[in-house]
Amino acid sequence: MARFQAPRGTRDLIPGEIERWQWVEAMARDVFDRYCYDEIRTPMFEDYELFARSSGEASEVVQKEMYRFTDQGDRDLALRPEGTAGVCRAYLEHGLASRGRIHRLWYMGPMFRYGRPQKGRYRQFWQIGAEIIGTPAPRADAEIIALFVDLFEAWGFEDLVVMVNSVGSPESRQAYAERLKAWLAPVATLLSPESQERLTRNPLRVLDSKHPTDLAILAGKQGGLDPSTMPHMLDELDAESREHFEAVRSELESIEINSEIDHGLVRGLDYYTRTAFEVHDRSLGAQSALGGGGRYDRLIEELGGPATPGVGFSIGVDRVLLAMESRGDTLVKKAGTIFVASTEGTRPAAPAIVRALRAVYAVDHDLEARTLSAQMKSADKVEARVVMILGEDEWKQGQVVLRDMKTGSQTTANLDEMVESIDRILGSDREVESEEE
Ligand code: HAM
């Protein structure tokens, strides 16, 4: 066994796996471009206080999962557990409000949470997220949910149903917490120790428990609770939040996004107000949330800025890839490469040809002066689409041999026309593709 291993809960993304990640990221960039969102990159660590304030002192992320450290300058810092707090901090720090009232932003990158690692749950994981800052309009919620769904569709997920709820205002949430606590009181001592603690600290989080006992109790299979009598957050909403939620629902309907109300959807971070949403994939078991988000109309004010509403989401890229694998999606093939094979006499000339071709194509070649047949084996291994053979006789006449690896046919081409000749072979692929379409 190797002496060193990646730290617990982290993973290397090595060739063979990274291609899928690149594909997922490229598709996301494409969707963000079409939605006219701008990218933002913020640091991977920030003042600890920023996360404590935004996620909430009582949240599990802050209480148990924070990678908090003091640097040599005695600063109290933390690796970011999520992206929204950093984006809002940057929005304020750079006075983005003065550049325009509404900002549509996206980001991707690693996040860090010190949880118990398991399938779909890591200590370093990747998120792709987006935020609309500057408007409370229900149409913004609907747009962000449409973007959320369209990302999944671009990755090949079909028939997704977004679960939605409204968590209202902090005041209405407080009232709901009391009702929920009263409803859970008869089974309080049966709940998992974690949920018993939640019941005093943040009762809504009991609804988010993954503990089998809690799940059985909430489903009415144990403890005698009748799930149909569970109080609903939507019944506690203030009039404006209710109106907002209804408007979001009808906007979603008008753009044909399937959404369902989930009364148990409460979200784990404390900054949410009004709309909350998530998408789940059952094939992932306990860690089934592929992504989620919602509105956070008080967060920027909480961070010391002027009252500025926002709404956004994050998607867990690790989980998206796990779900794609469990669906049996085949690996995304790399675009065909060109392999340049040389012989004894042409070997010195090969690197310059390779460098020139690399201005146009993905080009591989031999670094070690191996035989032509060994080079042809390498070309097979990398699934080269075209092999350019620098044969000595042809070379003397300013020519090279091009082998079409799909058909096995070979042609000679003039050196000064090699790009056109390669394009002709690659062009035949494009013709086949367009005929197939
Ligand atoms: P979140 O629900 O905490 O929201 O995380 C979003 C997604 O990140 C989850 O649905 C999950 O797919 C993934 N995720 C979270 N923790 C882990 C982990 N330990 N391992 C693997 N994947 C994980 C947020 O982070 C908010 N910032 C979303 C948001 C943006 N709300 C408004 N704007």
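Refer to the preceding data block for the structure.
Conventions used here
- Residues numbered from 1 in each chain as written.
- Predicted model: local features only at pLDDT ≥ 70, side-chain atom pairs only at ≥ 80, totals over all residues.
- Heavy atoms only, no water.
- Phe/Tyr/Trp six-rings, centres within 6.5 Å; stacked < 30°, edge-to-face > 60°.
- Lys NZ or Arg CZ within 6 Å of the ring centre and 35° of its normal.
- Near = heavy atom within 4 Å.
- Polar contact = N/O pair within 3.5 Å; in protein donor to acceptor, adjacent residues only side chain to side chain.
- Areas by Shrake-Rupley, 256 points an atom, 1.4 Å probe, with all protein chains shown as cover.
- Helix = DSSP H or I, 4+ residues; strand = E, 2+ residues; numbered from the N terminus.
- Pairing = 2+ DSSP bridges.
- Axes fitted to C-alpha atoms, helices over the stretch in contact; angles between N-to-C directions.

**Q** Kindly report on the packing of aromatic side chains, identifying the contributing residues and their values.
**A** Two aromatic rings are characterised by how far apart their centres lie and by the angle between their planes. Here the structure, examined in full by the defined rule, presents twelve aromatic pairs. Put simply, the rings of F148, F152, W155, F157, F277 and F313 pair up and form one aromatic cluster. The lysine or arginine in question, R68, covers the ring of Y48, its NZ or CZ lying 3.5 Å from the ring centre.

**Q** Break down the site of the ligand for me, with residues and values.
**A** Looking at the ligand, there are 26 residues lining it, with E82, Y122, E131, Y272 and A289 nearest. In the environment of the ligand, a nitrogen atom lies 3.0 Å from a nitrogen or oxygen atom belonging to the side chain of Y271. Between the ligand and L290 there is a distance of 3.1 Å, counted from an oxygen atom to a backbone nitrogen or oxygen. In isolation the ligand offers 660 Å² of accessible surface; the protein chains occlude 94% of this area. Listed by contribution, the elements that provide at least two residues to the shell around the ligand are β6 (124-133), β10 (289-295) and β11 (310-316). With six residues, β10 is the largest single contributor of residues to the shell around the ligand.

**Q** Break down the sheet that holds strand β12 (residues 338-342) for me, citing the residues and quoting the values.
**A** Read across the sheet, five strands follow the order β13-β12-β14-β15-β16 without closing on themselves; strand pairing throughout is mixed. At either end of the open sheet lies a strand with only one pairing partner, and these are β13 (363-365) and β16 (410-414). Here the strands of the sheet are splayed against their neighbours by 30° on average, with no regard to which way each runs. Direction of pairing for β12 relative to β13: parallel, over a ladder of three bridges. Across the sheet, V340 pairs through a bridge with H365, a residue of β13.

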